[in-house]
Amino acid sequence: MNTRLQSLSDWVAEVAKLTQPDRIHWCDGSPAEYQSFIKQMLGSGDLIELNQASYPGCYLHRSDPNDVARVEHLTYVCTSAKADAGPNNHWMPPAEAKNMMHGFFDGCMKGRTLYVIPYCMGPLGSPYARYGVEITDSTYVAANMYLMTRMGKPALEQIEAAGSFIKGLHSIGELDPERRFIMHFPEELTIMSYGSGYGGNALLGKKCHALRIASYQARTEGWLAEHMLIVGIEDPEGNTHYLACAFPSACGKTNLAMLIPPERYKGWKVWTLGDDIAWMHLDANGQLRAVNPEAGLFGVVPGTNRKTNPNAYDMITRDTIFTNVAVTADNEPWWEDKDVGKPAIDWQGRPYDSANGPAAHPNSRFTVTAKNNPSYSSLAEAPEGVPITALVFGGRRRELAPLVYQAKDWAHGVLVGASVASETTAAATGKVGVVRRDPMAMKPFCGYNFGDYWAHWLSFADRAKTLPQIFHVNWFRRDADGRFLWPGFGENLRVLRWMIDRCEGRVGAQEMPIGHLPKPADIDTTGLDVSKETLEQLLAVDRGQWREELEHMAGYLKTFGDRVPKRLLDEHAKVVAALKA
Ligand code: SAT
Ligand code: MN
């Protein structure tokens, strides 16, 4: 017994009895322990050492080619009543799901080590932090949890003091897609995941706990667990505004969170607090504050270069675990658009041949501690979090959505968030590039019925003193030839600046049926290859297309039946009426 918390030692014993591991290892979270995981995986072939002269402390993991992304079709929320999970989730009766999972877990750890990973999401000791224990038979998962969470002894001490924790049971099983399920039991604060070693399926602190279970808890406790990056924008006068921004997976959250100001923005600084998840609470003064529950980054590698994200490019040259990238003849990691070197071996370990597709998997990832990020905010570990000035929603849309617009008020902003739609990406298995509705970028992650979720969002208007302004952006609008209209990346600061000016009441706007749009002259395009006509195209609102969009949205809302709050339908009706006028 390695803990004085009876409920934890009982649970570990019960799991060990079911899964029959050869050994049990309680993770202490020390750097020495991490090194022992690395050494062991180098021995077993789970990790490959990369060039230690140019990439010190960097390793490559090649996953099973069948196991490279989240599996939304195999991810379930098992509440007692089906309607509580909502049409936005796959559902199974809890007893049936547990029964099936117990069948999979039975004896699955024979010959393996069972790792017990106590972890903390959020700054240790913060009133906003939450604790969990993941049991896994994957050393790769244990090593990734070390980088992504505050894991080990300090977390265990907090858990022992609190007497409660979220239970996450994971096994890679046989990595058989036919025997793969990610199950959530929010009413019991329990997660069971079998058959995958991939990030979002296997690092249970991340999407499973910090979003699905946490969103469920947040609703009952009055806070928000969101798929949002948190970023601080410091102007030359030294004022910093904090923004939380929701985009679907692989739509540039990490790049925005680590943005480097363009050349002409002398004196501006951008501070990263988080790149994927925000937990937001109203403080005693009724101000919304955010903490990042994570301690590391699990980012998309392809596309990262000195132009798109120089901070990330440098950050991943040391102490990084790469998953499914290619390697060069010099044994350096390589990925599409790296702009240096060329691939010799592809992500599956074969000699590179362009006939086999990209050298690095499009969803290849880096895992790295947030401390490696040169722009990591000094407030990222602050127990009280940071005050949020603006919330930003966005998706990847070729047309329709303008570069930026502002919601008229909070309730309209909730509709704007609920209306997010985006082209699918390689972060989840399935077809890439089809537009799907992804409210608040939470479609894969909301642990309960979206109708109830929108009502919960709306309730903040009654409870908060000062609420953030809500915006929507689209960096991905294209012209008729398919070319991106906006340069994106560092230049996005120009758009963020307009938002901050709006929040501070320093700039006007055009009042449109869909919200407040910038006057073209108020978006700074100095030094950019963006003509007046292009900017007008970026800000164009096509009423016909928007009427269709609202009709589509009405149909989507209908699928949630009487769980949709009337206030949201009223907001929808108001926009429809404004578009008709
Ligand atoms: O699900 S992961 O966290 O592994 C990546 C993502 O899709 O955001
Ligand atoms: Mn994500």
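Quick caveat, the model's predicted, so the values are computed rather than measured.

Enquirer: What should I look at first to understand the side chain of Arg 212 in this one?
Expert: Topologically, Arg 212 is positioned in helix α8 (residues 205-221). Ignoring sequence-local partners within four residues, the contact set of Arg 212 consists of Thr 75, His 184, Lys 207, Pro 444, Phe 445 and Gly 447.

Enquirer: Explain the sheet that holds strand β3 (residues 59-61) to me, please; I cannot follow it from the model alone.
Expert: The strands that make up a sheet pair up through hydrogen bonds in the backbone, lying either parallel or antiparallel. Strand order in the open sheet made by the 5 strands is β2-β3-β18-β21-β17, with mixed pairing throughout. A strand with exactly one partner marks an edge of an open sheet, and here the two such strands are β2 (48-49) and β17 (296-300). Looking at chain direction, β3 and strand β18 (residues 321-323) are connected through 3 bridges and run parallel. Note on β18: the bridge partner recorded for Leu 60 is Phe 322.

Enquirer: I tried to follow the packing of aromatic side chains on my own but got confused; where do I start?
Expert: The geometry of an aromatic ring pair comes down to the distance between the two centres and the angle between the two planes. By the definition in use, this model includes 26 aromatic pairs. Aromatic pair Tyr 405 and Trp 546: ring centres 6.1 Å apart, planes at 90°, arrangement edge-to-face. In this pair, Tyr 405 is assigned in strand β24 (residues 404-406) and Trp 546 in helix α15 (residues 543-558), connecting sequence segments 141 residues apart. Note on Phe 450 and Trp 454: the rings are 5.3 Å apart at their centroids and 10° apart in plane angle, and the pair reads as stacked. Note that Phe 450 and Trp 454 are positioned in helix α12 (residues 450-463) at a spacing of 4 residues, about one turn of the helix. For Phe 450, a relative accessible area of 0% corresponds to the buried category.

Enquirer: It is not clear to me how the nonpolar core should be interpreted in this structure. Could you clarify?
Expert: Generally speaking, nonpolar side chains in soluble globular proteins are found buried as a group. Ranked by size, the top nonpolar core spans 145 residues in total, and within it Met 280, Phe 322, Trp 454 and Trp 457 carry the most contacts. Top contributing element to this core by residue count: helix α5 (residues 139-148), with 7 residues. Apart from the residues lying within four places of it in its own chain, the contact partners of Met 280 are Trp 223, Leu 224, Glu 226, Met 228, Ala 244, Leu 288, Arg 289, Ala 290, Ile 388 and Leu 391.

Enquirer: What should I look at first to understand the sheet that holds strand β16 (residues 288-291) in this one?
Expert: Taken in spatial order, the 4 strands line up as β11-β15-β16-β22 in an open sheet, and their pairing is antiparallel. Because the sheet does not close on itself, it has two edges, and the strands there are β11 (224-226) and β22 (386-387). Both strand β15 (residues 278-282) and β16 contribute to a ladder of 4 bridges, which runs antiparallel. When the bridges of β16 are listed, Met 280 appears paired with Ala 290. The sheet contacts of α8 involve β11 and β15, and relative to β11 the element is tilted by about 160°. Taken strand by strand, α12 contacts β11, β15 and β16, and its axis lies near 125° from that of β11.

Enquirer: I tried to follow the coordination of the manganese ion (ligand 2) on my own but got confused; where do I start?
Expert: When a metal carries six donors in an octahedron, the ideal angles between them are 90 or 180 degrees, while four donors in a tetrahedron ideally lie at 109.5 degrees. Coordination of the manganese ion (ligand 2) by the protein is provided by Lys 207 (NZ), His 227 (NE2) and Asp 276 (OD), with metal-donor distances spanning 2.0 to 2.2 Å. Mapped onto the sequence, the donors of the manganese ion (ligand 2) take the spacing K-x19-H-x48-D. Highlighted residues: Lys 207 in helix α8 and Asp 276 in the loop between β14 (269-274) and β15, separated in sequence by 69 residues. The exposure class assigned to Lys 207 is buried, which follows from its relative accessible area of 5%. With relative accessibility at 8%, the residue Asp 276 sits in the buried group.

Enquirer: Mind showing me how you'd approach a negative patch on the surface here?
Expert: On the surface, a cluster of negative charge is made up of Glu 399, Asp 542, Glu 548 and Glu 551. With respect to the secondary-structure elements, Glu 399 resides in the loop between β23 (390-394) and β24.

Enquirer: Even after reading the chapter, I still don't get the site of ligand 1, so can you show me in this structure?
Expert: Residues in contact with ligand 1, as listed here, are Arg 70, Tyr 198, Gly 199, Gly 200, Lys 206, Lys 207, Ser 249, Phe 298, Arg 365 and Ala 427. At 3.2 Å from an oxygen atom of ligand 1 is found a side-chain nitrogen or oxygen belonging to Tyr 198. Ser 249 has a polar side-chain atom sitting 2.8 Å from an oxygen atom of ligand 1. In isolation ligand 1 exposes 250 Å². Once the protein is present, 97% of that is buried. Secondary structure elements with two or more residues in the shell around ligand 1: α7 (199-202) and α8.

Enquirer: Where do I start with the pattern of salt bridges in this structure?
Expert: One side chain can pair with another of opposite charge once the charged atoms of both are near each other. Going through the model one piece at a time under the given rule, you end up with 34 salt bridges. Among the salt bridges present, the one from Arg 494 reaches Glu 491, with a minimum N-O distance of 2.8 Å. Each member of the pair, Arg 494 as well as Glu 491, is classed as buried. For the salt bridge of Lys 574 with Glu 571, the shortest nitrogen-to-oxygen distance reads 3.0 Å. Of this pair, Lys 574 and Glu 571 both sit in helix α16 (residues 566-580), 3 residues apart, roughly one helical turn. On the basis of relative accessibility, which here comes to 48%, the residue Lys 574 falls in the partly exposed class. Each of Lys 206, Lys 207, Lys 253, Asp 276 and Glu 294 takes part in one network of salt bridges that share partners.

Each value, and the rule that gives it
Every chain's residues receive numbers from 1 upward, in the order its sequence appears when written. Going through the entries in the order they are written, you letter the chains from A and number the ligands from 1. Under the rules for a predicted model, residues below a pLDDT of 70 receive no local features and side-chain atom pairs below 80 are neither given nor counted, while totals for whole chains, interfaces and linings still include all residues. Calculation of side-chain values draws on the structure's entire complement of heavy atoms; hydrogens and water are dropped beforehand. Numbered from the N terminus, helices here are DSSP runs of H or I no shorter than four residues, and strands are runs of E no shorter than two. Whether two residues are in contact is decided by their heavy atoms, any of which lying within 4.5 Å being enough. Criterion used throughout: strands pair if DSSP finds at least two bridges between them. Working definition: rings of Phe, Tyr and Trp (its six-membered ring) pair if their centres are within 6.5 Å, and the pair is stacked with planes under 30 degrees apart, edge-to-face with planes over 60 apart, and tilted otherwise. Each residue is placed in one exposure class: buried if its accessible area under a 1.4 Å probe, protein chains only, is under 20% of its type's maximum, exposed if it is over 50%, and partly exposed if it falls in between. We define a nonpolar core as any set of buried Ala, Val, Leu, Ile, Met, Phe, Trp, Tyr and Cys residues linked to one another through side-chain atoms lying within 4.5 Å. Lines fitted to the C-alpha atoms define the axes, with helices restricted to the stretch that makes contact. Angles between their N-to-C directions range from 0 to 180 degrees. For Na, K and Ca the donor cutoff is 3.2 Å, while for all other metals N, O and S atoms must lie within 2.8 Å; water is not among the atoms, so some sites may look incomplete. Each patch groups residues whose relative accessible area exceeds 30% and which form no salt bridge, using 9 Å between like charges and 5 Å between nonpolar side chains of Val, Leu, Ile, Met, Phe, Trp and Tyr. Per-residue and other accessible areas follow the Shrake-Rupley method at a 1.4 Å probe size, with only the shown protein chains counted as cover for residues. Counted as salt bridges are all cases of a side-chain nitrogen of Lys or Arg within 4 Å of a carboxyl oxygen of Asp or Glu. In this charge count, Lys and Arg are treated as positive and Asp and Glu as negative; neither His nor the chain ends contribute. In plain terms, the charge of a residue is placed at NZ if it is Lys, CZ if Arg, CG if Asp and CD if Glu. Proximity is defined per residue: any heavy atom of the residue falling within 4 Å of a molecule or strand makes that residue near it. Polar contact criterion, stated in full: a pair of N or O atoms within 3.5 Å, where within protein one must be able to donate a hydrogen and the other to accept it, and residues adjacent in sequence count only if both atoms are side-chain atoms.

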